[in-house]
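Below, each chain spelled out in residue letters.
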Amino acid sequence: MAGHGGRNRSGRRPTLEEVAARAGVGRGTVSRVINGSPRVSDATRAAVEAAVAELGYVPNTAARALAANRTDAIALVVPEPETRFFAEPYFSDMLKGVGAALADTEMQLLLIFAGSDRERRRLAQYLAAHRVDGALLVSVHADDPLPDLLAQLEIPAVISGPRSEHETLPSVDSDNYGGGHSAVQHLIARGRKKIATIAGRLDVYGAQRRVEGYRQALCDAGHPVDERLIVPGDFTEEGGRRAMTELLERCPDLDAVFAESDVMAAGARQVLREAGRRIPDDVALVGYDDSAIARHMDPPLTSVRQPIEGMGHAMINLLLDEIADHRPAVSRGLERRQLVLPTELVQRHSS
């Protein structure tokens, strides 16, 4: 049995290795249990916790952090302007999921914006000083050098939405292709013939996948794909307004619009109203995200729901596991973990 004050009979503190030997598991598994990683079975967790209790092992957070070069801090990095972060429900829902997943850990969350060159330079210096144990990257563009910087610094990182099909970081995403496909399939089933889409920025892989889903749904139904009906926006309300104005100029008789975010759908709705188009009588409208905007729009907006909070939760689980293993998976030569969560079409009066 353990001696007084968490020391064994020899008067020294039990080590992590001794706990691992007593529990019959590896050192990394003990580390994962102590750090609250979810990627441990209940039976293994119980064995480790029993060994901790029997030996009187006391994890000293400060000493552990120092010895392992740990900071007990995670950065949520958003390479966008702050204005966009606070204007779009996607980011607040993601933050909610991340915060909930961290609630039972000792980790602190740092929110870092890197929308300008100056902010990026400052972030690079901050990361190079290893002031965080890991990073979550949200809304990353295809050519963003930030993920590669993290890999060079060997800082564990998880990305929200891969940059391409060849993503090298662990990632969590929703089924963007399936979401785009189901939105257009729904509009076709409603008898719509000229279906336009307001895409997101096409340097974002998720936006590309939604457009691919749009195209495939049209092909599956034997409808031609008219390139004039595909206009990129930028996931903002103003972007939705501009794209909708352009679409009406190109094709005044369009009868449906799939806006690839609820925020852009709100902008599109304003332009349609100003042009005297009734929703859904003249033009059916479908959004993406199923945010509060969709529920409160007049008429309420049909929208593709993606589990944004669940994505934030899953990102933390992946990252804690990477941190518990001390080295990024890319250093360990492990296969990338790419999680894709399902989407669901929520039908309302706009379509």
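Residues numbered from 1 in each chain as written. Predicted model: local features only at pLDDT ≥ 70, side-chain atom pairs only at ≥ 80, totals over all residues. Heavy atoms only, no water.

### Structural notes on the nonpolar core
(1) Moving on: Counting residues in hydrophobic clusters, the biggest one holds 44 residues, and the most contacted among them are Val-184, Ile-195, Ile-198, Met-244, Leu-254 and Val-257.
(2) Moving on: Listing elements by their share of this core, those giving two or more residues are α9 (176-189), β6 (195-199), α10 (205-220), β7 (230-232), α11 (237-250), β8 (256-259), α12 (262-274) and β9 (284-289).
(3) Moving on: Sorting elements by how many residues they give to this core places α12 first, with six residues. (Core = buried A, V, L, I, M, F, W, Y, C linked by side-chain atoms within 4.5 Å. Buried < 20%, exposed > 50% of the residue type's maximum accessible area, 1.4 Å probe, protein only. Helix = DSSP H or I, 4+ residues; strand = E, 2+ residues; numbered from the N terminus.)

### What to know about the sheet that holds β8
(1) Moving on: Spatial ordering of the open sheet is given by β7-β6-β8-β9-β10-β12, a layout of six strands whose pairing is mixed. What marks the edges here is a single partner per strand, and that holds for β7 and β12 (344-346). Ignoring strand direction, the axes of neighbouring strands in this sheet form an average angle of 20°.
(2) Moving on: Inspection of the sheet shows β6 paired to β8 by four bridges, in the parallel sense. Bridge assignment links Ala-196 to a residue of β8, and that residue is Val-257. (Pairing = 2+ DSSP bridges. Axes fitted to C-alpha atoms, helices over the stretch in contact; angles between N-to-C directions.)

### Some words on the state of the cysteines
(1) Moving on: In total, this model carries zero disulfides according to the counting rule given.
(2) Moving on: This cysteine, Cys-219, is not joined by any disulfide, and Cys-251 carries the nearest cysteine sulfur, 17 Å off. (Disulfide = S-S within 2.5 Å.)

### Quick look at the domain arrangement of the protein
(1) Moving on: The assigned domain composition of the protein is domain 1 (16-59), domain 2 (73-174 + 310-340) and domain 3 (176-305).
(2) Moving on: Using only C-alpha atoms to locate each centre, domain 1 and domain 3 end up separated by 51 Å. (Domains from an automatic or database assignment.)

### Some words on helix α1 (residues 16-23)
(1) Moving on: Every buried residue of α1 is listed here: Leu-16, Val-19, Ala-20 and Ala-23. Taken end-on, α1 shows its buried residues confined to a sector of 100°, consistent with a single buried face.
(2) Moving on: Its buried side turned inward, α1 meets α2 (27-34) and α3 (42-55).
(3) Moving on: Taken from the residues just after α1, Gly-24 is the one with a positive phi, measuring 75°. (Arc of directions from axis to C-beta. Contact = heavy atoms within 4.5 Å.)

### Structural notes on the environment of Arg-209
(1) Moving on: Within the secondary structure, Arg-209 sits in helix α10.
(2) Moving on: Taking relative accessible area as the criterion, Arg-209 reaches 27% and is therefore assigned partly exposed.
(3) Moving on: The spacing of Arg-209 and Arg-84 is 125 residues in sequence and 22 Å in space, taken between C-alpha atoms.
(4) Moving on: With residues near it in sequence (within four places) discarded, Arg-209 still touches Asn-176 and Tyr-177.

### A look at the sheet that holds strand β4 (residues 157-160)
(1) Moving on: Taken in spatial order, the six strands make up an open sheet running β2-β1-β3-β4-β5-β11, and their pairing is parallel. Pairing within the sheet leaves two strands with one partner each, and these edge strands are β2 (108-113) and β11 (338-341). Taken over all neighbouring pairs, the strand axes of this sheet differ in orientation by 20° on average, direction set aside.
(2) Moving on: Both strand β1 (residues 73-78) and β2 contribute to a ladder of six bridges, which runs parallel. Bridge pairing links Leu-76 to Leu-111 in β2.

### Re the pattern of salt bridges
(1) Moving on: Throughout the structure, instances matching the rule amount to 29 salt bridges.
(2) Moving on: One salt bridge in this structure joins Arg-201 and Glu-80, with 3.0 Å as the shortest N-O distance. Note that Arg-201 is positioned in the loop between β6 and α10 and Glu-80 in the loop between β1 and α5 (82-87), a separation of 121 residues in sequence.
(3) Moving on: You can call Arg-201 buried: its relative accessible area is 17%.
(4) Moving on: Among the charged side chains, a network of salt bridges with common partners joins Glu-80, Arg-84, Glu-88, Arg-201 and Asp-203. (Salt bridge = Lys/Arg side-chain N within 4 Å of Asp/Glu carboxyl O.)

### Re the environment of Tyr-126
(1) Moving on: The residue Tyr-126 is located in helix α7 (residues 117-128) in this model.
(2) Moving on: According to the relative accessible area criterion, Tyr-126 is partly exposed, its value standing at 26%.
(3) Moving on: Sequence separation between Tyr-126 and Ser-351 is 225 residues; the distance between their C-alpha atoms is 48 Å.
(4) Moving on: When sequence neighbours within four positions are dropped, the list of residues in contact with Tyr-126 reads Leu-110, Ile-112, Arg-131 and Val-132.

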